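Descriptive analysis of the structure
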Amino acid sequence: MGVTLTDEARQFIALFEDETGATARDCVVDEEYDRLVFLVAAGEMGQAIGPGGEHVQRVEGEFDREIKLVEDAPTAEDFVASALAPAAVYNVTISENDDTVAYAEVAEEDRGAAIGTDGRNIDAARLLAKRHFDIDDVELT
C-alpha cells in the first residue's frame, strides 16, 4: 500500500530529517489541531526525539507547530500500539468483517493518553493506520 505525500509534506519531511538525523516515512499535516504527525522509521525514535527532547523541540520551534511522533512497525497490531503511545497497549486484535477494525486493549489509567486532548491521539492513530495498513477504525477496549 503506497502513501501519496503532498509537496508540503515532503518539504516538512526533508526539514525534519535535516534537523533530527532520523528518517521520516510519512508526514500528516493536521490542520485541525495545527500539528504535524511524523512516522519515524523503526528503531529511530530516540534519534528523532534527541537528548532530553532536544531534536523534537527544535523542530517544533522551527515549524511553529506541535509535533507528534509515531514509530513505524512491521505489523498492523504493533503499528496501532505504537500510534497510541504513550499509552500502554496490552494487546491489539484486528477484526476483518465489513470493515477492518483494530481493537486496542488499553489500561483504564492510560485511556486518556490513548485518546488525547480532544481525541487528537486516537485520531492520528486512525489516520495513520488507514494510510499504512488499510484499517478503517481503531477502537479502545
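Shown above is the structure to which this text applies.
Here is a short report on the structure shown in this document. (Residues numbered from 1 in each chain as written. Predicted model: local features only at pLDDT ≥ 70, side-chain atom pairs only at ≥ 80, totals over all residues. Heavy atoms only, no water.)

A closer look at the packing of helix α4 (residues 76-83) against helix α6 (residues 120-133)
Their axes nearest at 9 Å, the elements α4 and α6 cross at an angle of 155°. Looking at the two axes, α4 sits roughly antiparallel to α6. Between α4 and α6 the crossing geometry is right-handed. Taken together, the residues of α6 that come into contact with α4 (itself represented by Ala76, Phe79, Val80 and Ala83) are Asn121, Ala125, Leu128, Ala129, His132 and Phe133. Classifying every residue of the contact of α4 with α6 gives eight nonpolar, two polar and no charged. (Axes fitted to C-alpha atoms, helices over the stretch in contact; angles between N-to-C directions. Helix = DSSP H or I, 4+ residues; strand = E, 2+ residues; numbered from the N terminus. Parallel < 35°, antiparallel > 145°, perpendicular 65-115°, else oblique. Left-handed = near helix turned anticlockwise from the far one by under 90°. Contact = heavy atoms within 4.5 Å. Nonpolar A, V, L, I, M, F, W, Y, C, P; charged D, E, K, R; others polar.)

Concerning the packing of aromatic side chains
Under the definition given, this model contains four aromatic pairs. Note on Phe38 and Phe63: the rings are 6.3 Å apart at their centroids and 25° apart in plane angle, and the pair reads as stacked. Residue Phe38 is located in strand β2 (residues 35-40), and its partner Phe63 is located in helix α3 (residues 54-63); the two are separated by 25 residues in the primary sequence. Taking relative accessible area as the criterion, Phe63 reaches 11% and is therefore assigned buried. When the ring of Phe79 is compared with that of Phe133, the centres are 5.1 Å apart and the planes differ by 55°; the resulting orientation is tilted. Of this pair, Phe79 sits in helix α4 while Phe133 sits in helix α6, placing them 54 residues apart in sequence. (Phe/Tyr/Trp six-rings, centres within 6.5 Å; stacked < 30°, edge-to-face > 60°. Buried < 20%, exposed > 50% of the residue type's maximum accessible area, 1.4 Å probe, protein only.)

Some remarks on the sheet that holds strand β5 (residues 100-106)
Here three strands make up an open sheet; going across it, the order is β4-β5-β6 and the pairing mixed. Of all the strands in the sheet, just β4 (89-96) and β6 (137-140) have a single pairing partner and so form its edges. On average, each strand axis in the sheet is tilted by 20° relative to the strand beside it, whichever way the strands run. Sheet topology places β4 next to β5; seven bridges connect them, and they run antiparallel. (Pairing = 2+ DSSP bridges.)

A look at the packing of helix α1 (residues 7-20) against α3
The geometry of α1 relative to α3 is characterised by a closest axis approach of 9 Å and an angle of 140° between their N-to-C directions. Taken together, the axis directions place α1 and α3 in an arrangement best described as oblique. Remark: the crossing between α1 and α3 carries right-handed chirality. For the pair formed by α1 and α3, the contact residues are Phe12, Leu15, Phe16, Glu19 and Thr20 on the first element and His55, Arg58, Val59, Glu62 and Phe63 on the second.

Considering the nonpolar core
The biggest cluster of nonpolar side chains holds 24 residues, and the ones touching the most others in it are Val80, Leu84, Ala104 and Leu140. Where this core is concerned, the elements lending two or more residues are β2, α4, β5, α6 and β6. In terms of residues, this core owes the most to one element, α6, which gives five residues. Not counting residues within four places of it along the chain, the set of residues in contact with Leu84 comprises Val89, Ala104, Ala113, Ala114, Ile122, Ala125, Val138 and Leu140. Counting residues in each nonpolar core, the second largest holds 17 residues, with Cys27, Leu36, Val56 and Ile67 among its members. (Core = buried A, V, L, I, M, F, W, Y, C linked by side-chain atoms within 4.5 Å.)

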